[in-house]
Number of protein chains: 2
Amino acid sequence: MARSVEFNEEAAIQKAMEVFREKGYNGASLRDLTEAMQINSSSLYNTIGDKQELFIRAAKHYIDMRKRELDERAAADKPALEILKQYIADSVTNIVSETHGCMAVKMAFEMATSDKRVINVLKKDSQNQYEFVRKHIALAMEQGQLDNEESPELLADYFISTWTGWNESYILHKDVDKIERMARYFIRQLSK
Amino acid sequence: MARSVEFNEEAAIQKAMEVFREKGYNGASLRDLTEAMQINSSSLYNTIGDKQELFIRAAKHYIDMRKRELDERAAADKPALEILKQYIADSVTNIVSETHGCMAVKMAFEMATSDKRVINVLKKDSQNQYEFVRKHIALAMEQGQLDNEESPELLADYFISTWTGWNESYILHKDVDKIERMARYFIRQLSK
DNA sequence: CCAATTTTAAAACAAACGTTTCAGAATAAC
DNA sequence: GTTATTCTGAAACGTTTGTTTTAAAATTGG
């Protein structure tokens, strides 16, 4: 038998994800990546594969994190509308704290226009978010906390597409108030 | 005196813009660009400058186009609400026809997180869109076609941030109906 | 402790990158 | 038509890119 892998693969992928998020796929060089991951390129190619494969792994790692967050939210013992409002509030917090924008969105615009595998990873994430929101909107309607004039399906689609624009706005204007005003308006409209 | 520049600079920049839109900044090589522009790199460096400069010029060209479109819309002899609805309808058409997503959005997520000059170009564009929308919302309110419960400023911010998310949705799902449903919902909400 | 096997670090790889050079073609003013 | 100047095309520049090779260090089971 022989020695086993020395580095922590998940920690390395986490580091790679951060580099990709900061610089994008094309902007991140193998040297940037291996330096952050603290491994040699030979180890990378032995255990994970090439740059594309590493990116896919980083992307999957990212959406797995997001899925786990959703599951935790869903497990909370609160009215559905409260869970949704918390989800919105946390989305705002994410937007105004991440210096480089949401990674899923960055990936969508840099990579998903050309790479089928990236599209599929992001579609999975989009479905996760959609299903979470749709379910809680339906629940809130059943609980009489939300008007059921519109379908939960439409509202869920509309819901999850909304953050993306706020993200862009914050990248350009760095105006926290602006984002919070839009969020309050969004919630106001929802309850109408 | 000596000979004058042979190639059409604006046409060349237009071509460069298309390449940048398709491949992004880092994804577009100088060879891609000069081939599309049909000029030699020496001519490029003589007349325009390096890759960064070319990108800024392409970005400015793009937002100039968009500004001209807004001015044409504003000149139309129609009620303000009609102009806004047309603006929304055309945004939807743009989203579902552009294969590579809106260039302003792509730039925002790939470049604006790190490049100040790009931020400034995009802020200008954002202000143009904002001012157009704000003005017509205010007009529509004066004309009694729109509820004036919310401020035109807030609504305008919300307005222009909305398309971005629809763009991402379309990149992932390629679902025209989904976008159109969201657009109809958006208009419904606006008139409430 | 040995033998088998795998991981690692460092160097090397060709290809592609953005940019510059340079000689010759082209043009405008006289 | 000559001259002065500038533009153009092709080749070359040194770096950096993603990836592979190589040989030594490391670890495990017997």
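As shown above, the structure is provided for reference.
The present account deals with the structure reproduced in this document. Being a predicted model, the structure only gives us computed values, none of them experimental.

Some thoughts on the relation of the copies chain B and chain A
- Of the transformation superimposing chain B on chain A, the axial component is 0.0 Å and the angular component is 180°, with the fit at an RMSD of 0.0 Å. Taken together, the rotation angle and the small translation identify this as a two-fold axis.
- Interface residue correspondence from chain B to chain A reaches 100%, placing this contact among same-surface, isologous pairings.

Some thoughts on the nonpolar core
- Within the largest apolar cluster, 73 residues are counted, with the highest numbers of intra-cluster contacts made by Phe20(A), Met37(A), Leu54(A), Phe20(B) and Met37(B).
- In terms of nonpolar packing, the next biggest core, distinct from the first, is built from 62 residues, Ile137(A), Leu146(A), Leu190(A) and Ile88(B) among them.

Quick look at the interface of chain B and chain A
- Counting from both sides, the interface comprises 39 residues of chain B and, opposite them, 39 residues of chain A.
- Across the chain B/chain A interface, buried area totals approximately 4000 Å², and carbon plus sulfur atoms make up 61% of it.
- Applying the counting criterion to the chain B and chain A interface returns 4 salt bridges.
- Taking the shortest distance from any N to any O, the salt bridge between Lys178(A) and Asp157(B) comes out at 3.0 Å.
- Those elements giving two or more residues to the side of chain B that touches chain A turn out to be helix H6 (103-110), helix H7 (116-142), helix H8 (152-173) and helix H9 (176-190) of chain B.
- It is H8(B) that provides the largest number of residues to the side of chain B that touches chain A, a total of 13 residues.

Things to note about helix H5 (residues 80-97) of chain B
- With 18 residues, H5(B) extends 26 Å from end C-alpha to end C-alpha; this agrees with the ideal 26 Å at 1.5 Å per step.
- Turning to H5(B), the residues buried within the fold contact helix H4 (51-75), H7, H8 and H9 of chain B.

Let's talk about the packing of aromatic side chains
- Within this structure, the stated rule accounts for 27 aromatic pairs over all chains.
- Here Phe109(A) and Phe109(B) contribute two aromatic rings whose centre-to-centre distance is 5.5 Å and whose plane-to-plane angle is 0°, an arrangement assigned as stacked. Taken as a pair, Phe109(A) in helix H6 (residues 103-110) and Phe109(B) in helix H6 lie in two separate chains rather than in one. Assigned by exposure class, Phe109(A) and Phe109(B) land together as buried.
- Measuring from centroid to centroid gives 4.8 Å for Phe20(B) and Phe55(B), while their planes differ by 85°, and the two rings are edge-to-face. In this pair, Phe20(B) is assigned in helix H1 (residues 9-23) and Phe55(B) in helix H4, connecting sequence segments 35 residues apart.
- Joined through ring pairs, the aromatic side chains of Tyr87(A), Phe132(A), Tyr158(A), Phe159(A), Trp163(A), Trp166(A), Phe186(A) and Tyr185(B) make up one cluster.
- Between Lys178(A) and the ring centre of Tyr130(B), over which it is positioned, the NZ or CZ distance is 5.8 Å.

A short note on the pattern of salt bridges
- Applying the stated criterion across every chain yields a total of 20 salt bridges over all chains.
- We note a salt bridge from Arg57(A) to Glu53(A), for which the minimum N-O separation is 3.9 Å. Of this pair, Arg57(A) and Glu53(A) both sit in helix H4 (residues 51-75), 4 residues apart, which is roughly one turn of the helix.
- We classify Arg57(A) as partly exposed; its relative accessible area is 27%.
- Residues Glu150(A) and Arg188(B) are paired through a salt bridge, measuring 2.5 Å at the closest nitrogen-oxygen approach. In this pair, Glu150(A) is assigned in the loop between helix H7 (116-142) and helix H8 (152-173) and Arg188(B) in helix H9, connecting two distinct chains.
- Relative accessible area serves as the criterion here: at 38%, Arg188(B) is assigned to the partly exposed category.
- Linked through salt bridges whose partners overlap, the residues forming this network are Glu9(A), Glu53(A), Arg57(A) and Arg117(A).

Procedures and definitions
- Residues numbered from 1 in each chain as written.
- Chains lettered and ligands numbered in written order.
- Predicted model: local features only at pLDDT ≥ 70, side-chain atom pairs only at ≥ 80, totals over all residues.
- Heavy atoms only, no water.
- Least-squares fit on C-alpha atoms with pLDDT ≥ 70 in both.
- Contact = heavy atoms within 4.5 Å.
- Core = buried A, V, L, I, M, F, W, Y, C linked by side-chain atoms within 4.5 Å.
- Buried < 20%, exposed > 50% of the residue type's maximum accessible area, 1.4 Å probe, protein only.
- Buried area = accessible area lost by both parts, 1.4 Å probe.
- Salt bridge = Lys/Arg side-chain N within 4 Å of Asp/Glu carboxyl O.
- Helix = DSSP H or I, 4+ residues; strand = E, 2+ residues; numbered from the N terminus.
- Expected span 1.5 Å × (residues − 1).
- Phe/Tyr/Trp six-rings, centres within 6.5 Å; stacked < 30°, edge-to-face > 60°.
- Lys NZ or Arg CZ within 6 Å of the ring centre and 35° of its normal.

Keep in mind that these numbers describe shape and distance, not what the molecule does.
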